[in-house]
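# Structural overview for review
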Amino acid sequence: MNHSTCDVCGRELLTPREVRYEVRIEIKAAYDPLALSDEDLQKDYRAEIAKVLRQLEGLSAEEAQDEVYRVFDFDLCLPCQRRYIRKLSSKDSLSW
């Protein structure tokens, strides 16, 4: 995202008549509200933390970060913005 060219097609965006569109995609881990029980208060949280740390072993810092939060920012020209909206609006937009 450099604000001067479209991140999809490379078209110049800083011409006087052009509109630049910004797209932000935010992906974050969703957690349910915390409800503590008496049993939860009795847990050994040092062991729980050690367990999480073992699960993180072998992951790079970026891989660990991707497990929790990631943001993508893009600049689009008008034609690419329209294609992006059409794609998101289609029923197949999230099909892999």
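See the structure above.
Presented here is an overview of the structure given in this document.

Conventions and cut-offs
- Residues numbered from 1 in each chain as written.
- Predicted model: local features only at pLDDT ≥ 70, side-chain atom pairs only at ≥ 80, totals over all residues.
- Heavy atoms only, no water.
- Helix = DSSP H or I, 4+ residues; strand = E, 2+ residues; numbered from the N terminus.
- Rg over C-alpha atoms; globule rule 2.2 N^0.38 Å.
- Buried < 20%, exposed > 50% of the residue type's maximum accessible area, 1.4 Å probe, protein only.
- Contact = heavy atoms within 4.5 Å.
- Areas by Shrake-Rupley, 256 points an atom, 1.4 Å probe, with all protein chains shown as cover.
- Phe/Tyr/Trp six-rings, centres within 6.5 Å; stacked < 30°, edge-to-face > 60°.
- Expected span 1.5 Å × (residues − 1).
- Polar contact = N/O pair within 3.5 Å; in protein donor to acceptor, adjacent residues only side chain to side chain.
- Salt bridge = Lys/Arg side-chain N within 4 Å of Asp/Glu carboxyl O.

### A closer look at the overall build of the protein chain
- Of regular secondary structure, the protein chain possesses four helices and two strands.
- The order of helices and strands in the protein chain, counted from the N terminus, is β-α-α-α-β-α.
- The C-alpha atoms of the protein chain give 21 Å as radius of gyration, which overshoots the globular expectation for 96 residues (12 Å, by more than 25%).
- The buried share of the protein chain, taken over its 96 residues, is 10%.
- Here the contacts in the protein chain between residues at least 6 apart in sequence split such that 75% fall between residues at least 24 apart.
- When the accessible surface of the protein chain is summed, it comes to about 8500 Å², and 53% of that surface belongs to carbon and sulfur atoms.

### Regarding the packing of aromatic side chains
- Applying the stated criterion across every chain yields a total of one aromatic pair.
- With a centroid separation of 6.5 Å and 0° between ring planes, the pair formed by F72 and F74 is classed as stacked.
- Classification of F74 by relative accessible area gives partly exposed; the value is 31%.

### Let's talk about the side chain of D40
- Positionally, D40 belongs in helix α1 (residues 38-41).
- Discounting residues that sit within four places of it in the chain, D40 has contacts with A35 and Y45.

### Quick look at helix α2 (residues 45-56)
- Given a rise of 1.5 Å per residue, 12 residues ought to cover 16 Å, and the 17 Å separating the end C-alpha atoms of α2 matches this to within 8%.
- Where α2 starts, the residue carrying a side-chain oxygen 3.2 Å from the main-chain nitrogen of R46 turns out to be D44.
- Immediately beyond the C-terminal end of α2, within one or two residues, lies G58, with a positive phi of roughly 85°.

### Describing the pattern of salt bridges
- Taken as a whole and assessed by the stated rule, the structure comprises five salt bridges.
- Where R20 meets E22, a salt bridge forms, and the shortest distance between an N and an O atom there is 2.7 Å.

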